[in-house]
Amino acid sequence: MKDVAALAGVSPKTVSNVVTGAFAVNDDTRIRVEQAMAQLDFVPNLSARRMRTGRSGTIAVALPDLATAYSAELVHSIVTAAHQRGLAVQFEETALSPERENELLARARTRLVDGLILNPVRLEDSVLRDTADLPPIVVIGEVEQNRADHVLIDSRLAATEVARHVLSRGARRIAVIGGHSDHELATATSRLRLEGVHDALREAGIAPDPRLEIDQLPWSMVSGAEAMAELLDRRIPFDAVIAFTDSLAFGALHTLAERGIRVPDDVLLTGFDDVELSSFTAPSLTTVAFDRDALADAALSLLTSRMDDREMPPRGVTLPHRLRMRASTAGTPRGLHP
């Protein structure tokens, strides 16, 4: 580190700050240090760092399904935010398995990782339900709890706004992919978004119809295609579809096209998450958008401050969202009638 400092014309402490991200360094200085590190083939000794600080310099992130477009974009944002803070990231896919969350918790308790970012699907299954003395942990997503720091969007309100939008376009029979009132494995996200749709329907004087609700796991394009096929086979009329993720909406759009059903002429279609592909489908997809970089930055900020002070009370950050209207809800739908 002294050799790097001499070559870059800075102090060893400045080199340490660039390596660890503990303190901000201006861009010109950081670039000089990074160039000197590359020229000297300098590699930080993480084992020595761990002995000195008691930290590994690594955090773990657990997401339910790493295969989705949403997860891919969120992973990118988290890695960027972590690297800005000098942290490495391990990723785990938890699906519906609380055992994987427990494994991550064990890593944190044995100091193999310094903290966790978790996206649990259900509080009933999560380590958050009954675990005392949590390590530094931040929850992202809609699981309602008050034991750990939390970053979320208001999913119920967002779903209400989506439903109000399609109702304003003339829809009256709204199908839902991703939620069902009686689904025994309903996720926290599913429950909140379904409640939001029901809120808007009741505002409009329309009773929710359970026959137009289907929740098929995992929330993938395949599930969306299969769910739409089942809805059509039920032969219950509908004129709009609210899918609880963009991936579900993409699958639904595929099945509708196969059956010769036009979006938005016959049926309106919406998604949730505003992944990159939603701008490029035909038609482009109306969806709920929020800033994933802001989510990652908020989660990392909460986590690093929690790593420094475990005694502060849990904090929550609710990120803003917006309805991004595109071609899939342009116009008044004719509706499907068996």
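Residues numbered from 1 in each chain as written. Predicted model: local features only at pLDDT ≥ 70, side-chain atom pairs only at ≥ 80, totals over all residues. Heavy atoms only, no water.

**Some words on unusual backbone geometry**
For step 1, the next point in the chain: Between V263 and P264 the backbone carries a cis peptide bond, its omega angle lying at 10°.
For step 2, the next point in the chain: Mapped onto the fold, P264 is located in the loop between α10 (246-258) and β9 (268-270).
For step 3, the next point in the chain: Going from A282 to P283, the amide bond is cis rather than trans, its omega being 0°.
For step 4, the next point in the chain: Position of P283 relative to the elements: it lies in the loop between β9 and β10 (287-289).
For step 5, the next point in the chain: Look at D41: it is not a glycine, yet its phi comes out positive at around 55°.
For step 6, the next point in the chain: Position of D41 relative to the elements: it lies in the loop between α3 (27-39) and α4 (46-53).
For step 7, the next point in the chain: Judged by its relative accessible area of 63%, D41 falls in the exposed class. (Helix = DSSP H or I, 4+ residues; strand = E, 2+ residues; numbered from the N terminus. Buried < 20%, exposed > 50% of the residue type's maximum accessible area, 1.4 Å probe, protein only.)

**A short note on the side chain of S77**
For step 1, the next point in the chain: With respect to the helices, strands and loops of the structure, S77 is situated in helix α5 (residues 69-84).
For step 2, the next point in the chain: Taking the relative accessible area as the measure of exposure, S77 reaches 5% and is therefore buried.
For step 3, the next point in the chain: Beyond its immediate chain neighbours, meaning those up to four positions away, S77 contacts R292, D293 and A296. (Contact = heavy atoms within 4.5 Å.)

**Comments concerning α5**
For step 1, the next point in the chain: Taking 1.5 Å per residue, 16 residues should reach 22 Å; α5 reaches 23 Å between its end C-alpha atoms and fits that length.
For step 2, the next point in the chain: Residues of α5 that are buried include every one of Y70, S71, L74, S77, I78, A81 and A82, and no others. Here the buried residues of α5 occupy an arc of 130° about the axis, which is enough to place them on one side. In α5, those exposed residues whose orientation departs by more than 90 degrees from the buried face are H76, H83 and Q84.
For step 3, the next point in the chain: Looking at the buried positions of α5, the neighbouring elements they touch are β1 (58-63), β2 (88-93), β4 (137-140) and α11 (292-308).
For step 4, the next point in the chain: In the stretch just after α5, G86 is the one whose phi turns positive, near 75°. (Expected span 1.5 Å × (residues − 1). Arc of directions from axis to C-beta.)

**Here's the deal with the packing of aromatic side chains**
For step 1, the next point in the chain: In total, this model carries 2 aromatic pairs according to the counting rule given.
For step 2, the next point in the chain: Note on W219 and F244: the rings are 6.3 Å apart at their centroids and 65° apart in plane angle, and the pair reads as edge-to-face. Of this pair, W219 sits in the loop between β7 (213-214) and α9 (221-234) while F244 sits in the loop between β8 (240-243) and α10, and the two are 25 residues apart along the sequence.
For step 3, the next point in the chain: R193 extends its terminal NZ or CZ atom over the ring of F272, reaching a point 3.5 Å from the ring centre.
For step 4, the next point in the chain: Geometry around F290 places R292 over its ring, the cationic atom sitting 5.5 Å from the centre. (Phe/Tyr/Trp six-rings, centres within 6.5 Å; stacked < 30°, edge-to-face > 60°. Lys NZ or Arg CZ within 6 Å of the ring centre and 35° of its normal.)

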